[in-house]
Amino acid sequence: MTDLALELSKLVRPRLLSQAARAGEAMYERTRHLPRILGRSVPTSHEIALGLLLEREQELEAQRKTGDAVYRAARHVELLIAIRAEAAMWQAPSTDQDQVNASGIDAFLLATYAASASASAGSRAGCW
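Residues numbered from 1 in each chain as written. Predicted model: local features only at pLDDT ≥ 70, side-chain atom pairs only at ≥ 80, totals over all residues. Heavy atoms only, no water.

**Some points on helix H3 (residues 30–38)**
Thought 1: For H3, the complete set of buried residues consists of Arg30, His33, Leu34, Ile37 and Leu38. Angular distribution of buried residues about the axis of H3 spans 110°; they occupy a single face of the element. Counted as exposed and oriented over 90 degrees from the buried face of H3: Thr31 and Arg32.
Thought 2: As for H3, its buried residues are in contact with helix H4 (46–66) and helix H5 (73–91).
Thought 3: Positive backbone phi, approximately 75°, marks glycine 39, located one or two places after H3. (Buried < 20%, exposed > 50% of the residue type's maximum accessible area, 1.4 Å probe, protein only. Helix = DSSP H or I, 4+ residues; strand = E, 2+ residues; numbered from the N terminus. Arc of directions from axis to C-beta. Contact = heavy atoms within 4.5 Å.)

So, in structure tokens, the structure goes:
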């Protein structure tokens, strides 16, 4: 396990922050969000980006724990979203890691089709 993978595995944050980051991950766009979050151009490597994001996140975590007045939960969530998305891209076995299906449209369409097919057949399976 690399140092980066070890750091990611030890990253435990309050439930509300984690849930917000998980919910926002699908909307993450690397080329649009990462320069704003990092305040610089997009690193070519997901590993480099993750290292920079983790450094910033540790600073925010320290602010959160000490109750620092400059701490902003929205900024923390934004960083956690980027960390989750970059980690997923870094660990993806894809040949082109910069191209990400952030919308999950394939899964959405498959689920929508399955639910509508079940409903039209008179079944309630898959509907909640």
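**So, a negative patch on the surface**
Thought 1: Together, Asp3, Glu7, Glu55 and Glu59 make up a region of like negative charge exposed at the surface.
Thought 2: Those elements that provide at least two residues to the negative patch are helix H1 (3–10) and H4.
Thought 3: Secondary-structure assignment places aspartate 3 in helix H1. (Patch = residues over 30% accessible without salt bridge, like charges linked within 9 Å, V, L, I, M, F, W, Y side chains within 5 Å. Areas by Shrake-Rupley, 256 points an atom, 1.4 Å probe, with all protein chains shown as cover. Salt bridge = Lys/Arg side-chain N within 4 Å of Asp/Glu carboxyl O. Lys, Arg positive; Asp, Glu negative; His and termini not counted. Charge placed at Lys NZ, Arg CZ, Asp CG, Glu CD.)

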